[in-house]
Amino acid sequence: AALKMQLDTRLFGQHLAKDVVLKAVMGFSNNPSPKKPLTLSLHGWAGTGKNFLSQILAEHVHRTGLRSKFVHLFLATLHFPHHDQLKLYKEQLQNWIRGNVSACPHSVFIFDEMDKMHPGLIDAIKPFLDYYEHVDGVSYRKAIFIFLSNAGGDFINKAALDFWTNGKDREEIQLKDLEPMLSVTVFNNKKSGLWHSSLIDRNLIDYFVPFLPLEHKHVKMCVEAEMRARGYAVNEKVVQAVADEMTFFPKEQKIYSDKGCKTVQAKLDIYEDV
């Protein structure tokens, strides 16, 4: 119930992601003996809420969220910058996950910037995601792995625009409309971090979660939420002004924010005196 409330009040315009993640986490949490770790792959353009949702999820498992020593965030460009160090990175990654799951079976691992991850690197963690009871005496079945990626974003945006063009409501988009093609798109994308990955091949990713592009009304919701978080009364003129400063696509229709809600905080700073 707490997770649902957090998602309802803090994540905007993502009915699919909310629904899928809530069901997946509830099912996983309520299962006393899961057969494998929960593995989610979140896809969509920047600013649509992938990081935000993974933070909320981490807080649901460990109260202090990203500050918890049992929640681990990997950034591809920071932790795995050099292609010629691939072998070393694979060993380090395996040792890190093994050590941390040994210390806490309910560890959460978040891999951000998957689309900047060297091809083949993420396959090093395949044994931990598979249906094994133990790997070298350690059970990984209660851990959670989350991948965040911009890969597949263009496909998701096109699908959303097609729904709009056909006069359908975005809330009518269902997971089955996007997930099968999304997984194929990511598998065949050399710059997805999951290119020809055994994680997809072996069906070890439980859900490919699409994040839809955000409309003008969702950007306004983000501005309002940020104003409340800063302790301000919501000023409709400021909300509209901040939303109007964002850029939208396609060029003619201008339906979707091309940065999602990513620059809302910075844009709101300009209106501090108001």
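These figures come from a predicted structure and were not determined experimentally.

> When you look at the overall build of the chain in this model, what are you seeing that I'm missing?
A tally of regular secondary structure across the chain gives twelve helices and seven strands. Relative to the compact-globule value of 19 Å for 274 residues, the chain shows a C-alpha radius of gyration of 19 Å, a close match. When the backbone C-alpha atoms are referred to their principal axes, the chain occupies close to 60 × 40 × 40 Å. Counting across all 274 residues of the chain, residues that qualify as buried make up 49%. Taking the intrachain contacts of the chain between residues at least 6 apart in sequence as the baseline, contacts between residues at least 24 apart amount to 74%. As displayed, the chain offers around 13600 Å² of accessible surface, 54% of which is attributable to carbon and sulfur atoms.

> Help me understand the pairing of strand S4 (residues 144–149) in this model?
Remember that side chains alternate between the two faces of the sheet whenever the strand is regular. Most of S4 sits out of view: six of its six residues are buried. Side-chain alternation along S4 places Ile144, Ile146 and Leu148 on one buried face and Phe145, Phe147 and Ser149 on a second face that is also buried. Note: strand S1 (residues 38–43) against S4, six bridges, orientation parallel. When the bridges of S4 are listed, Ser41 appears paired with Phe147. Judged from the four bridges that link them, strand S3 (residues 108–112) and S4 form a sheet pairing that is parallel. Paired with Phe111 across the strands is Phe147, a residue of S4.

> I'm lost on the environment of Glu133 in this one. Help?
Of note, Glu133 is situated in the loop between helix H6 (126–129) and S4. With relative accessibility at 52%, the residue Glu133 sits in the exposed group. Along the sequence, Glu133 and Lys35 sit 98 residues apart, while their C-alpha atoms lie 7.5 Å from each other. When sequence neighbours within four positions are dropped, the list of residues in contact with Glu133 reads Val138, Ser139 and Arg141.

> Honestly, helix H3 (residues 50–61) in this entry has me stumped. Any pointers?
Given 3.6 residues per helical turn, the α-helix brings residues three or four places apart onto the same face. For H3, with twelve residues, the first-to-last C-alpha span of 17 Å sits near the 16 Å given by 1.5 Å per residue. Taken together, the buried positions of H3 are Lys50, Leu53, Ser54, Ile56, Leu57 and Ala58. Elements in contact with the buried residues of H3: helix H1 (2–10), helix H2 (15–29), S1, strand S2 (71–75), S3 and S4.

> Is there a simple way to think about the UniProt feature "domain: Torsin-1A C-terminal" (unreviewed entry) in the chain in this case?
Under the UniProt annotation, "domain: Torsin-1A C-terminal" (unreviewed entry) lies at residues 214–271. Secondary structure across residues 214–271 divides into 52% helix and 7% strand, with the first and last C-alpha atoms of the span separated by 22 Å.

Cut-off values and rules
Sequence order sets the numbering: in each chain, residues are counted from 1 along the sequence as written. Residues qualify for local features only when their pLDDT is at least 70, as the model is predicted, and side-chain atom pairs are given and counted only at 80 or more; totals for whole chains, interfaces and linings, by contrast, use all residues. No hydrogens and no water enter the side-chain calculation; it runs on all heavy atoms of the structure. Working definition: helices are DSSP H or I runs of at least four residues, strands are E runs of at least two. Numbering for both runs from the N terminus. The reference for a compact globule is 2.2 Å times residues^0.38; the radius of gyration itself is calculated from the C-alpha atoms. Note on classification: 1.4 Å probe, protein chains only; a residue is buried when its accessible area is under 20% of the maximum for its type, exposed when over 50%, partly exposed between these limits. Two residues form a contact once any of their heavy atoms are found within 4.5 Å. Residue-level accessible areas treat just the shown protein chains as cover; the underlying method is Shrake-Rupley with a 1.4 Å probe. If DSSP finds at least two bridges between two strands, the strands pair. In this analysis, the expected span of each helix is defined as 1.5 Å times one less than the number of residues it contains. UniProt positions are given in the numbering used here, feature names are shortened, and annotations may be inferred rather than shown by experiment.

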